[in-house]
Amino acid sequence: MNYWGRILGTLFGFMFGRFIGAVLGYIVGHFFDKGYSQNFDQMGGFGRFFSSQDELKSQAIFFHALFSVMGHVAKADGKVTDTEIQMATNLMNQMGLEGDIRREAQEAFREGKSSDFPIKDILLEFKASCHGRRDIMQVFLEILIQAAYADGGLDPREQKVLESAAMHLGFRQNELLYLMSMFEAEMRFRRAGGRQQNSRQQRQNSAYSSAQNLEDAYRILGVKKSDDERQIKKSYRKLMSEHHPDKLISKGLPKQALEIAKSKAQDIQSAYELVKKSRGMK
């Protein structure tokens, strides 16, 4: 965004009219900047699908970065599998992407498969667009982790791309490993019926013991069985705050990506309920 009109308007306004002049100069400069900024409504790509300029820029960048880096992760092991393509398709379905915006997402995914894909530039642009908001970047990274595991495992080359993405977004390696461990626990937890599945479904997952289910519930909450109730509640509240849909929307998470955050919040809630029940917590 161009700020020079406001800066110069404020300075000249202050010179000629002190405080009142500075205020008037800022207002005039604001309209100058607005008039000379890029007219994103005339642009192609994801930019066509958002109303305000700020929303347009940040959310268009979010979607382009997400699906292009996802394509780069999928291609990292040398081949994009049908499972990975289906995962991207399912994610588009989950986000409710249709028509032109869906085609833009598909094109971004294809861009990411290029050998010279500029992952650093793409991610730094995304980071700047969301003003470095860690919770938004964490949701972004969690979706990439989900994509990397789409074919049932994590290839070392895919993990290397995830490490690069995490680094450019300002996450340390141990933080990435924690998010990966949490995702693995969530997958087992869901398959085993952590979300109130019926008794028949529970029996089908009998190889996954109740003790393992509880262990994964602790891992999802980021705590240990030896932690006291106060620490467990504190971690639960922090995680729920980080993934609360209303909070994420207010900070710039596109509404189309909200279902991902909701799914994560449901896992956290289910894990907490299981831990509470096992410990007799209120």
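Residues numbered from 1 in each chain as written. Predicted model: local features only at pLDDT ≥ 70, side-chain atom pairs only at ≥ 80, totals over all residues. Heavy atoms only, no water.

Novice: What am I meant to see in the overall build of the protein here?
Specialist: Of the regular secondary structure elements, the protein holds 13 helices and zero strands. What you see in the protein, going N to C, is helices and strands ordered as α-α-α-α-α-α-α-α-α-α-α-α-α. Counting all 282 residues of the protein, 43% fall into the buried class. Entry remark: accessible area of the protein is about 15,500 Å², with carbon and sulfur atoms responsible for 53%. (Helix = DSSP H or I, 4+ residues; strand = E, 2+ residues; numbered from the N terminus. Buried < 20%, exposed > 50% of the residue type's maximum accessible area, 1.4 Å probe, protein only. Areas by Shrake-Rupley, 256 points an atom, 1.4 Å probe, with all protein chains shown as cover.)

Novice: Could you clarify how one ought to interpret the packing of helix H5 (residues 119-129) against helix H7 (residues 156-168) in this entry?
Specialist: Packed helix pairs are specified by the crossing angle of their axes together with the interaxial distance, meaning the distance between the axes. At their nearest, the axes of H5 and H7 sit 9 Å apart, and the two run at 40 degrees to each other. It follows that H5 is oblique to H7 by the angle criterion. Of the two possible hands of crossing, H5 and H7 adopt the one that is right-handed. Seen from H5, the contacting residues are Ile119, Lys120, Leu123, Leu124 and Lys127; seen from H7, they are Val161, Ser164, Ala165 and His168. (Axes fitted to C-alpha atoms, helices over the stretch in contact; angles between N-to-C directions. Parallel < 35°, antiparallel > 145°, perpendicular 65-115°, else oblique. Left-handed = near helix turned anticlockwise from the far one by under 90°. Contact = heavy atoms within 4.5 Å.)

Novice: Where do I start with unusual backbone geometry in this structure?
Specialist: Trans peptide bonds make up most of the peptide bonds, and negative phi angles are found at most residues other than glycine. Even without glycine at this site, His131 takes up a positive phi of about 55 degrees. Locating His131 in the fold gives a position in the loop between H5 and helix H6 (134-148). Look at His131 and you get exposed, because its relative accessible area is 63%.

Novice: Even after reading the chapter, I still don't get the packing of H6 against helix H8 (residues 173-191), so can you show me in this structure?
Specialist: Running from N to C, H6 and H8 cross one another at 55 degrees; their axes reach a closest spacing of 10 Å. Taken together, the axes of H6 and H8 are oblique relative to one another. Judged by the twist between their axes, the crossing of H6 over H8 is right-handed. On the side of H6, the interface is formed by Arg134, Gln138, Leu141, Glu142, Ile145 and Gln146, while H8 contributes Glu175, Leu176, Leu179, Met180 and Phe183. Counted by class, the contact of H6 with H8 contains six nonpolar, two polar and three charged residues. (Nonpolar A, V, L, I, M, F, W, Y, C, P; charged D, E, K, R; others polar.)

Novice: Would you take a moment to explain the pattern of salt bridges for this structure?
Specialist: Side chains that differ in sign of charge can pair as their charged atoms come close. Evaluation of the coordinates by the stated rule reveals 14 salt bridges. Linking Arg172 and Glu175 is a salt bridge whose minimum nitrogen-to-oxygen distance equals 3.4 Å. Given a relative accessible area of 53%, Arg172 falls into the exposed group. By relative accessible area, which is 17% here, Glu175 ends up buried. Ionic pairing is found between Asp216 and Arg188, a salt bridge with its closest N-O pair at 2.7 Å. In this pair, Asp216 sits in helix H10 (residues 210-221) while Arg188 sits in helix H8, placing the two residues 28 residues apart along the sequence. Taking the relative accessible area as the measure of exposure, Asp216 reaches 2% and is therefore buried. Look at the salt bridges and you will find they share partners, linking Glu142, Glu186, Arg190, Lys264 and Asp267 into a network. (Salt bridge = Lys/Arg side-chain N within 4 Å of Asp/Glu carboxyl O.)

Novice: Help me out: how do you make sense of the confidence of the model for the protein in this one?
Specialist: Predicted coordinates in areas of low pLDDT are best not read in detail. For the protein, the mean per-residue pLDDT works out to 78, and 74% of the residues sit at or above 70. In the predicted structure, residues 30-44 sits below a pLDDT of 50 and forms 17 contacts with residues beyond four places in sequence or in another chain. (pLDDT = per-residue confidence, 0-100.)

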